[in-house]
Amino acid sequence: MSLESVRLFLAEHAPDLAIIEMAESTATVAEAAAAHGTTPEQIAKTISLRLGEQVVLVVAAGTARLDNRKSKAAFGQKPRMLDRAEVEELTGHPVGGVCPFGLKESLPVYCDQSLRAFDEVIPAAGAINSSVRLPPLRLAELTGATWVDVCQLPE
């Protein structure tokens, strides 16, 4: 159902975007980068977080790490990562296929500034072997995302 919900979302909101289905897994940043022949940074990973009672999604560059200080400044509190069961229950997507499209329920989406370094990013598309390619500004526009600076890139 997860891949199908992404198909329906894209058919309605971005019919020009094609879902790329791979024979191999793209569930991790490293696997996705290898499968797409790109750098890990260009993979747009979706992080599921709890802020008190609220659940939000943060989409960031593949090698970016959530920065506690920046996150607390942006969100007003320290976020907590959701566990595997919560992620699937709340997004409708399996871990490794989580993306901000075709969600089970409406969740606030944030795009980290780390995505702006790329002309095109590659987020998952609802399954552990599917993705889509699109400019980061379009990703933010399609999902109604707010831009934030909550991640740290490796040095």
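All chains use their own residue numbering, which begins from 1 and follows the written sequence. The predicted nature of this model means local features are confined to residues of pLDDT at least 70 and side-chain atom pairs, given and counted, to a pLDDT of 80 or more, with totals for whole chains, interfaces and linings taken over all residues. Derived side-chain values reflect all non-hydrogen atoms in the structure, with water molecules and hydrogen atoms excluded from consideration.

A. Highlighting the packing of aromatic side chains. Pairing of aromatic side chains here covers Phe, Tyr and the six-membered ring of Trp, requires ring centres within 6.5 Å, and sorts the geometry by plane angle: under 30 degrees stacked, over 60 edge-to-face, intermediate tilted. Here the structure, examined in full by the defined rule, presents 2 aromatic pairs. Whether a charge lies above a ring is judged from NZ of Lys or CZ of Arg, which has to be within 6 Å of the ring centre and within 35 degrees of the ring normal. The residue whose ring lies beneath Arg-116 is Trp-147, and the NZ or CZ to ring-centre distance is 3.9 Å.

B. View of the pattern of salt bridges. One speaks of a salt bridge when a side-chain nitrogen belonging to Lys or Arg is within 4 Å of a carboxyl oxygen belonging to Asp or Glu. Applying the stated criterion across every chain, the model contains 7 salt bridges. Put simply, Arg-7 and Glu-4 hold a salt bridge, and the shortest N to O gap is 3.6 Å. Taken together, the residues Arg-7 and Glu-4, both in helix H1 (residues 2–13) and 3 residues apart, mark about one turn of the helix. A salt bridge links Arg-80 to Glu-86, with the shortest nitrogen-to-oxygen separation between them at 3.7 Å. Here Glu-86 falls in the buried class, since its relative accessible area comes to 19%. Secondary structure follows DSSP: runs of H or I at least 4 residues long count as helices, runs of E at least 2 residues long count as strands, and numbering of each begins at the N terminus. Burial here depends on accessible area, computed with a 1.4 Å probe over protein chains only, as a share of the maximum for the residue type. Under 20% is buried, over 50% is exposed, and the range in between is partly exposed.

C. Structural detail: helix H5 (residues 136–143). Residues of H5 that are buried: Pro-136, Leu-139, Ala-140, Leu-142 and Thr-143. Looking straight down H5, one finds that the buried residues subtend no more than 165° of arc, so they occupy a single side. For H5, the exposed residues lying more than 90 degrees away from the buried face are Leu-137 and Glu-141. For H5, the elements touching its buried residues are H1, strand E3 (54–61), strand E6 (109–112), strand E7 (122–123) and strand E9 (146–148). Among the residues trailing H5, Gly-144 stands out with phi positive, at a value near 65°. The arc under discussion is defined with respect to the helix axis, by the directions toward the C-beta atoms. Throughout, a contact is declared for two residues whenever any of their heavy atoms are within 4.5 Å.

D. Just the nonpolar core, in detail. The set of buried Ala, Val, Leu, Ile, Met, Phe, Trp, Tyr and Cys residues whose side-chain atoms join them within 4.5 Å is what this entry labels a nonpolar core. Membership of the largest hydrophobic core comes to 32 residues, with the highest contact counts inside it found for Leu-10 and Phe-101. Looking at this core, the elements that each hand over two or more residues are H1, E3, helix H4 (84–91), E6 and H5. Take this core: its biggest share by element is 4 residues, from H1. With sequence-adjacent residues up to four places away left out, Phe-101 is seen in contact with Val-6, Phe-9, His-93, Pro-123, Ala-124, Val-132, Leu-134, Leu-139, Leu-142 and Thr-143. Of all hydrophobic cores here, the second largest spans 13 residues; its members include Ile-47, Val-58, Ala-60 and Tyr-110.

Such coordinate-based values are descriptive only and should not be taken to indicate function.
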